[in-house]
Amino acid sequence: MPVQPRHKRILLKLSGEAGVGGDKFGIDPATLAAVADEIAQVARAGVQICVVVGGGNFFRGAALAEAGMERASADYMGMLATIMNALALQSSLEKVGVFTRVQSAIPMEAVCEPYIRRRAVRHLEKGRVVIFAAGVGAPFFTTDSGAALRAAEMGCEALYKGTSVDGVYTADPKKDPNAQRYETLSYQDVLAKNLKVMDPSAVSLMRDNHIPIVVFDIRERGNLLKVLNGEGVFTTIA
Ligand code: UDP
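Rules used throughout
Residues numbered from 1 in each chain as written. Predicted model: local features only at pLDDT ≥ 70, side-chain atom pairs only at ≥ 80, totals over all residues. Heavy atoms only, no water. Helix = DSSP H or I, 4+ residues; strand = E, 2+ residues; numbered from the N terminus. Rg over C-alpha atoms; globule rule 2.2 N^0.38 Å. Buried < 20%, exposed > 50% of the residue type's maximum accessible area, 1.4 Å probe, protein only. Contact = heavy atoms within 4.5 Å. Areas by Shrake-Rupley, 256 points an atom, 1.4 Å probe, with all protein chains shown as cover. Lys, Arg positive; Asp, Glu negative; His and termini not counted. Charge placed at Lys NZ, Arg CZ, Asp CG, Glu CD. Phe/Tyr/Trp six-rings, centres within 6.5 Å; stacked < 30°, edge-to-face > 60°. Lys NZ or Arg CZ within 6 Å of the ring centre and 35° of its normal. Core = buried A, V, L, I, M, F, W, Y, C linked by side-chain atoms within 4.5 Å. Near = heavy atom within 4 Å. Polar contact = N/O pair within 3.5 Å; in protein donor to acceptor, adjacent residues only side chain to side chain. Nonpolar A, V, L, I, M, F, W, Y, C, P; charged D, E, K, R; others polar. Arc of directions from axis to C-beta. Pairing = 2+ DSSP bridges.

Asks: Looking at this structure, I do not really get the overall build of the protein. What am I missing?
Replies: When helices and strands are counted, the protein shows nine helices and nine strands. Radius of gyration (C-alpha) of the protein: 17 Å, near the 18 Å computed for a compact globule of 238 residues. C-alpha extents for the protein along the principal axes are approximately 45 × 45 × 35 Å. Burial statistics for the protein: of 238 residues in total, 52% are counted as buried. Excluding contacts between residues fewer than 6 apart, the proportion of contacts in the protein whose partners are at least 24 apart in sequence is 70%. For the protein, the accessible surface area stands at approximately 10,800 Å², while carbon and sulfur atoms represent 54% of it. Between the mean site of the 27 positive side-chain charges and the mean site of the 25 negative ones, the protein shows a separation of 5 Å.

Asks: What is the right way to read the packing of aromatic side chains from this model?
Replies: One pass over the full model with this rule turns up four aromatic pairs. Geometry around Tyr115 places Arg150 over its ring, the cationic atom sitting 3.5 Å from the centre. Above the ring of Phe132, the side-chain terminus of Arg150 is found at 5.7 Å from the ring centroid.

Asks: In this structure, what is going on with the nonpolar core? I would like to understand it.
Replies: Grouped together as the largest cluster of nonpolar side chains are 39 residues, with contacts concentrated most on Ile39, Ile49, Ile131 and Tyr160. Membership of the second largest hydrophobic core comes to 30 residues, among which are Ala151, Ala202, Val215 and Ile237.

Asks: It is not clear to me how the site of the ligand should be interpreted in this structure. Could you clarify?
Replies: Near the ligand lie 22 residues; those nearest to it are Gly16, Asp75, Val136, Ala138 and Thr143. At 2.7 Å, a backbone N or O of Gly16 approaches an oxygen atom of the ligand. In this structure, an oxygen atom belonging to the ligand sits 2.8 Å away from a main-chain N or O atom of Gly61. In isolation the ligand offers 520 Å² of accessible surface; the protein chains occlude 94% of this area. Of all the elements in the fold, those that place two or more residues in the shell around the ligand are helix H1 (16-21) and helix H4 (71-95). It is H4 that contributes the most residues to the shell around the ligand, three residues altogether. In the shell around the ligand, the residues fall into seven nonpolar, 11 polar and four charged.

Asks: Would you mind going over helix H5 (residues 117-125) with me for this structure?
Replies: Residue pairs spaced three or four apart in an α-helix point in one direction, given the helix's 3.6 residues per turn. For H5, every residue scored as buried is listed here: Ala120, Val121, His123 and Leu124. Angularly, the buried residues of H5 cover 155° about the axis, an arc narrow enough to put them on a single face. Packed against the buried residues of H5 are strand S1 (9-14), strand S2 (48-53), strand S3 (100-104), strand S4 (113-114) and strand S5 (129-133). Just past H5, the residue Gly127 takes up positive phi, approximately 85°.

Asks: Would you mind going over the pairing of S1 with me for this structure?
Replies: Where a strand is regular, its side chains alternate between the two sheet faces. Within S1, six of the six residues are buried, which leaves it mostly tucked inside the rest of the structure. Burial along S1 is two-sided: Arg9, Leu11 and Lys13 facing one way and Ile10, Leu12 and Leu14 facing the other are all buried. Where S1 and S2 come together, six bridges link them in parallel fashion. For Leu12, the partnering residue across the bridge sits in S2 and is Val51. Two elements, S1 and strand S6 (residues 158-163), share five bridges in a ladder whose sense is parallel. Across the sheet, Leu11 pairs through a bridge with Leu159, a residue of S6.

Asks: Honestly, the sheet that holds S2 in this entry has me stumped. Any pointers?
Replies: Each strand in a sheet pairs with another by means of backbone hydrogen bonds, the pair being arranged parallel or else antiparallel. With mixed pairing, the nine strands of this open sheet are ordered in space as S4-S3-S5-S2-S1-S6-S8-S9-S7. At either end of the open sheet lies a strand with only one pairing partner, and these are S4 and strand S7 (184-185).

In structure tokens, the structure reads:
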């Protein structure tokens, strides 16, 4: 496909399920391989790409807290899960010949680099895919906030949110046959209508920094590159 990417540097946000786990607990090799392929296509097209992966395929702090665990500890477990996912993604990207670095907001010297903004930018300039792990490195946040923060810090032109749905709908399209997909939305629409796209804190950080959010289906093969070219189905929040 001829490549006319709309954005030269992007951040790709994937939930633990969309990026690594599939629909089950833990790691799904087929999901990992498909996602690595999506990222590799974009990297080979010369787009600088950094990735934030969630940890929900292992643990979400809020769910563990509901089950009786202290919230902050539960959140740290969630952050550790994102480091496992980042390593899994790194390994699958290396298998298809893409150079990567993992940087964690919680330093883990023997495992990956600590998050250092300038070093991350340098990796991107050299064409390496940078995977950011451990969100913002603090409890009571999610990896959506981590993604928004890193997108702003890296000077990304857009935040691509890969999900299992091809955009933002008026209702859950898997449950409501009358649900309509939005072509575009304003940040304010998302916040005022309380649309479940990303955490409100992440959406407002993107609004304040004028970084559009592109919501698309990561499970459709070849879709990331297609959407980056402005083709196919997606919702833009700007
Ligand atoms: N988390 C956190 N601080 C962060 C990022 C993540 O405490 O900056 C914890 C939180 O418990 C969260 C879990 O890590 O539920 C996994 O991340 P998230 O829920 O964002 O994963 P996703 O839904 O994207 O798979």
